[in-house]
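So the chains spell out like this:
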Amino acid sequence: MPISLLALAMSAFAIGTTEFVIMGLLPDVAGDLSISIPTAGWLISGYALGVAIGAPIMALLTARLPRKLSLVLLMVIFIVGNILCALALNYQFLMLARIITALCHGAFFGIGAVVAASLVAPNRKASAVALMFTGLTLANVLGVPIGTWFGQLYGWRSTFWGVAIIGVVAFIALIVSLPSQKEETPTDLKREVSALANGKLWLSLAMTVFFAAAMFALFSYIAPMLLQVTGVTHQGVSWTLFLIGAGLTVGNILGGRLADWKVSFSLILSFSLIAIFSLLFRWTSHGLWLAEITLFLWAMAAFATVPALQINVVLHGKDAPNLVSTLNIAAFNVGNALGAWVGGSVIAHGYGLTTVPVAAAGLAAIGLVICLINFSNGTGHHHPVTEQ
């Protein structure tokens, strides 16, 4: 496997960590900046909206650049954004820094996936893309809990300094290892835009939105729930995030196999389980072991959804793989922002932290309805595609 794939995976790890680690650090950031938990939650929504808005814009701005140069420039934006996060002395500056960091996210994964596929033989393209996205999975398994623990120990700003350092290492690795591909086929933007007239594609993107909304309505406020409802220590939050990361990894593997068999069944089952386990956490959050078990199962159900969502979106947008890939990342982050906003609104209106899982279950139920509509006229039997 080419070393350049490891450079892409390291970059994905850094980007994934900086997006998700804020959830574990939310109480620390809120306390340090003297803001409420719901207000701090907007840092999650702000990043997600930055990805959603920035992804197509950055993809357009870099469309004519060599892919290696594009990835290197995007990593520079990432490094600068994380340094600004670490230097932020107030909420407004931190929000701006998070948005700047988010601009590189969608375009990096979109371009990076194309580059990863180009580095190997045709029969290994899917494996190459999967290896790059392993960095994103490891961000949840290792980056988030370690970053949370580090931030609790040395202050939340230290986590962003650490991520910036990883970004610098990834930046150097990209320059050294990525080949300069002189003969690249330019993106046919007109053809890709014309392929968006597929109604099933937009239903598929809507499913991605509500999957992410259901996940992040709960995940965004998991740290304050664990601290205030379950009664774990700050160190316990880090261990629980590690457990959630393990559940996400197992779910991603199982979900991939299930999606290879039947996409529709995989999505219907996953949305149903997300709703059930989210609702169950409303009660199990009061006991340590029940809470841990529920969150592990919830995480498995959540990331079991991801492979099927990717396959479904690419299947309906196969004539525009570059644009559809970027739009799916944007849809995921629109859902991220929506979920964080819904969870924060529940808390801000005085319903309490234990009502957040109920709201998450409601969002999953909406996703399930869209899923049923999407597959109402088809069998749902699909084969895996290499573009995922």
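Since we're looking at a predicted model, the values are computed, not measured.

K.L.:
What is the right way to look at a nonpolar patch on the surface in this model?
P.N.:
On the surface, Leu138, Leu142, Ile146, Trp149, Phe150, Leu153, Tyr154, Trp239 and Phe242 cluster together into a nonpolar patch covering about 930 Å² of accessible area. Only helix H6 (125–154) and helix H11 (234–261) provide two or more residues apiece to the nonpolar patch. Looking at which element gives the most residues to the nonpolar patch, the answer is H6, with seven residues. Its location among the elements puts leucine 153 in helix H6. Owing to a relative accessible area of 49%, leucine 153 belongs among the partly exposed residues under this scheme.

K.L.:
Would you explain the confidence of the model for the protein in this entry?
P.N.:
Do not read the fine detail of predicted coordinates wherever pLDDT is low. Averaged over all residues, the pLDDT of the protein equals 86, while 90% of them reach at least 70. Within the protein, no element has a lower average pLDDT than helix H8 (residues 189–194), which sits at 63, and none a higher one than helix H7 (residues 156–177), at 96. Segment residues 381–388: pLDDT under 50, and 21 contacts once partners within four positions in sequence are set aside and those in other chains are kept.

K.L.:
Sorry, what's going on with the nonpolar core here?
P.N.:
Taken as a class, soluble globular proteins show a tendency for nonpolar side chains to be buried jointly. With 87 residues, the main nonpolar core has Phe211, Met215, Phe219, Ile222, Ile244, Leu267 and Trp298 as its most contacted residues. For this core, the domains that each give at least three residues are domain 1 (1–184) and domain 2 (187–379). Ignoring anything within four residues of it in the chain, the contact list for methionine 215 reads Leu248, Trp298, Ala302 and Phe303. Among the nonpolar cores identified, the runner-up in size contains 31 residues, and Leu8, Ala107, Val120 and Leu174 belong to it.

K.L.:
Explanation requested: helix H3 (residues 67–87) in the structure shown.
P.N.:
The periodicity of an α-helix, 3.6 residues per turn, causes residues three or four positions apart to be oriented the same way. Look at H3: 31 Å from first C-alpha to last across 21 residues, which is about the 30 Å you get at 1.5 Å a residue. Within H3, burial applies to Arg67, Ser70, Leu71, Val72, Leu74, Met75, Phe78, Ile79, Gly81, Asn82, Cys85 and Ala86.

K.L.:
What am I meant to see in the packing of H3 against helix H5 (residues 105–118) here?
P.N.:
Two quantities define a packed helix pair, namely the angle between the helix axes and the distance between the axes. Axis separation between H3 and H5 bottoms out at 10 Å; the angle between their running directions is 145 degrees. When you trace H3 past H5, the crossing you get is left-handed. Of the residues in H5, those touching H3 at Arg67, Ser70, Leu71, Leu74 and Met75 are Ala107, Phe108, Ile111, Gly112, Val114 and Val115. In terms of residue class, the contact of H3 with H5 is made up of eight nonpolar, two polar and one charged.

K.L.:
Just to check I follow, could you spell out the side chain of asparagine 336 for this structure?
P.N.:
Mapped onto the fold, asparagine 336 is located in helix H14 (residues 321–348). On the basis of relative accessible area, asparagine 336 is assigned to the buried category, the value being 1%. The contacts of asparagine 336, once residues within four sequence positions are left out, are Glu19, Ile44, Ala48, Ala212, Ala213 and Phe216.

K.L.:
Where do I start with the environment of alanine 275 in this structure?
P.N.:
Mapping alanine 275 onto the fold places it in helix H12 (residues 263–284). Judged by relative accessible area, which is 17%, alanine 275 ranks as buried. A C-alpha to C-alpha distance of 8.5 Å links alanine 275 and valine 358, two positions 83 residues apart in sequence. Apart from residues lying up to four places away in sequence, alanine 275 is in contact with Ala361 and Ala364.

K.L.:
What is the right way to read the packing of aromatic side chains from this model?
P.N.:
Any aromatic ring pair is given by two values, namely how distant the centres are and how the planes are angled relative to each other. One pass over the full model with this rule turns up 11 aromatic pairs. Here phenylalanine 108 and phenylalanine 109 contribute two aromatic rings whose centre-to-centre distance is 6.4 Å and whose plane-to-plane angle is 85 degrees, an arrangement assigned as edge-to-face. Look at phenylalanine 109 and you get buried, because its relative accessible area is 2%. Centre to centre, the rings of phenylalanine 211 and phenylalanine 332 are 6.2 Å apart; their planes meet at 45 degrees, and the pair counts as tilted. In this pair, phenylalanine 211 sits in helix H9 (residues 199–219) while phenylalanine 332 sits in helix H14, placing the two residues 121 residues apart along the sequence. Accessibility expressed as a relative area gives 1% for phenylalanine 211, which makes it buried. Of the residues examined, phenylalanine 332 reaches a relative accessible area of 18% and is grouped as buried. Ring pairs connect the aromatic residues Phe20, Phe211, Phe216, Phe219, Trp298 and Phe332, which therefore count as one cluster.

K.L.:
Is there a simple way to think about unusual backbone geometry in this case?
P.N.:
Of all residues except glycine, most have a negative phi; of all peptide bonds, most are trans. In this model, serine 34 sits at a positive phi of 55 degrees, which is unusual for a non-glycine residue. Mapped onto the fold, serine 34 is located in the loop between helix H1 (3–33) and helix H2 (37–61).

About the thresholds
Residues numbered from 1 in each chain as written. Predicted model: local features only at pLDDT ≥ 70, side-chain atom pairs only at ≥ 80, totals over all residues. Heavy atoms only, no water. Patch = residues over 30% accessible without salt bridge, like charges linked within 9 Å, V, L, I, M, F, W, Y side chains within 5 Å. Areas by Shrake-Rupley, 256 points an atom, 1.4 Å probe, with all protein chains shown as cover. Salt bridge = Lys/Arg side-chain N within 4 Å of Asp/Glu carboxyl O. Helix = DSSP H or I, 4+ residues; strand = E, 2+ residues; numbered from the N terminus. Buried < 20%, exposed > 50% of the residue type's maximum accessible area, 1.4 Å probe, protein only. pLDDT = per-residue confidence, 0-100. Contact = heavy atoms within 4.5 Å. Core = buried A, V, L, I, M, F, W, Y, C linked by side-chain atoms within 4.5 Å. Domains from an automatic or database assignment. Expected span 1.5 Å × (residues − 1). Axes fitted to C-alpha atoms, helices over the stretch in contact; angles between N-to-C directions. Left-handed = near helix turned anticlockwise from the far one by under 90°. Nonpolar A, V, L, I, M, F, W, Y, C, P; charged D, E, K, R; others polar. Phe/Tyr/Trp six-rings, centres within 6.5 Å; stacked < 30°, edge-to-face > 60°.

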